[in-house]
Amino acid sequence: MERIIITGALGQIGTELTLKLREKYGEENVLPTDIKEPEGEALKGKPFEVLDVRDQERMKALVSEFKPDTMMHMASLLSATAEKNPQFAWEINMGGLVNALETAREFGLKFFTPSSIGAFGPSTPKENTPQVTIQRPTTMYGVNKVAGELLCDYYHEKFGVDTRGVRFPGLISHVKEPGGGTTDYAVEIYFEALRNGRYTSFIDKSTNMDMMYMDDAIDAIIKLMEADPGQLKDRNAFNVSAMSINPEMVANEIRKHIPDFELDYDVDPVRQGIAESWPNAIDSTEAKRQWGFDPRYDLEKMTEVMLEAIRNK
Ligand code: SER
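One structure accompanies this document, and this report is about it. The structure displayed is predicted, hence computed values, not measured ones. (Residues numbered from 1 in each chain as written. Predicted model: local features only at pLDDT ≥ 70, side-chain atom pairs only at ≥ 80, totals over all residues. Heavy atoms only, no water.)

**Things to note about the overall build of the protein**
Now for step 1: What the protein contains, in helices and strands, is eleven helices and 16 strands.
Now for step 2: Each principal axis of the C-alpha distribution contributes one length, and for the protein these read about 55 × 45 × 40 Å.
Now for step 3: Burial analysis of the protein (313 residues in total) assigns 57% to the buried set.
Now for step 4: In the protein, the proportion of contacts linking residues at least 24 apart, taken out of those at least 6 apart, comes to 78%.
Now for step 5: Just so you have it, the protein exposes about 13200 Å², and 48% of that area is on carbon and sulfur atoms.
Now for step 6: In the protein, the 36 positive side-chain charges and the 51 negative ones have mean positions that sit 2 Å from each other. (Helix = DSSP H or I, 4+ residues; strand = E, 2+ residues; numbered from the N terminus. Buried < 20%, exposed > 50% of the residue type's maximum accessible area, 1.4 Å probe, protein only. Contact = heavy atoms within 4.5 Å. Areas by Shrake-Rupley, 256 points an atom, 1.4 Å probe, with all protein chains shown as cover. Lys, Arg positive; Asp, Glu negative; His and termini not counted. Charge placed at Lys NZ, Arg CZ, Asp CG, Glu CD.)

Here it is as structure tokens:
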């Protein structure tokens, strides 16, 4: 991996991924793209292109000009947003993926795209969820993710595209807040703890979901992309998670730093329903075994760095 084009580069993952890849591979070797121009300073004056992932022609033109060897396709609508307009979600999530895979096929690019714990559903085993198991998601996001996993496998088998991917849990970061996800509470809670000393959670008390700190997520992407293909028995849909947590657990950890922190609840039935349809804790054994997935942040360490970083903003 030497020269990389990224779609959805202004999103929660894309923003930090762009920064990390630039640091590692050089600014001139990373082309972030998104549907809109960047607002913040971070990307100003550096290579950046506006790209709507539904526009296959422009995607190919950018690749033909920039000549990357790798595409990281991050553009996607998250679970709660997708539920509000499922047809539109299909267009962006599936239409965008098909265009990205076609571009990767035509130009011989290595390819990464994330799947999610959203690819599981209510009939999936909830604890220690294996990588290969029942996948009958009940959200449009989940339908898109399962179809995406299969499509990436298909492009590898049928066309020899070097597709790789993981199932991310909720990702927690302080650089860019997520938007429209079911796991977003676990980011908001840190920002609100410092802004107001309190948070009202839309996810109920004891609802466990898998989560991971963004640094570990970015490391996982790079590790998987740089893994020797001979090591990989699977290609896509690796389960990865660093912790299984619920709002009470996060609040208790925050109270070690902000003793008066208050947490109450105003449960959103849509997002709660989505959360309940997902596993409580997935099993990341295959990712560890096949390419050395090794997350460094647990809830305690993540809480420390999140609060510290937000305080310094
Ligand atoms: N964080 C995502 C969401 O909540 C899960 O992949 O939609």
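**What to know about the pattern of salt bridges**
Now for step 1: Throughout the structure, instances matching the rule amount to 19 salt bridges.
Now for step 2: Among the ionic pairs, R54 bridges to E91, the shortest N-O distance being 3.0 Å. One end of the pair, R54, is in the loop between strand 3 (49-50) and helix 2 (56-66); the other, E91, is in helix 4 (residues 86-107), and 37 residues separate them in sequence.
Now for step 3: R54 gets classed as partly exposed once you look at its relative accessible area, which sits at 34%.
Now for step 4: Taking the shortest distance from any N to any O, the salt bridge between E177 and R195 comes out at 3.5 Å. With a gap of 18 residues between them, E177 in the loop between strand 10 (170-172) and helix 6 (185-196) and R195 in helix 6 connect regions that are remote in the sequence. (Salt bridge = Lys/Arg side-chain N within 4 Å of Asp/Glu carboxyl O.)

**A word on the nonpolar core**
Now for step 1: Judged by nonpolar contacts, the single largest core of 40 residues is most densely connected at I172, Y185, Y190, F261 and M302.
Now for step 2: Secondary structure elements with two or more residues in this core: helix 4, helix 5 (140-159), helix 6, strand 12 (209-213), strand 14 (243-245), helix 8 (247-255), helix 9 (269-277) and helix 11 (299-311).
Now for step 3: The element that contributes the greatest number of residues to this core is helix 6, accounting for seven residues.
Now for step 4: Look past the residues within four positions of M302 in its chain and what remains in contact with it is I172, Y190, M212, Y213, M243 and Y297.
Now for step 5: I4, M72, M74 and F168 belong to the second largest nonpolar core, which has 31 residues in total. (Core = buried A, V, L, I, M, F, W, Y, C linked by side-chain atoms within 4.5 Å.)

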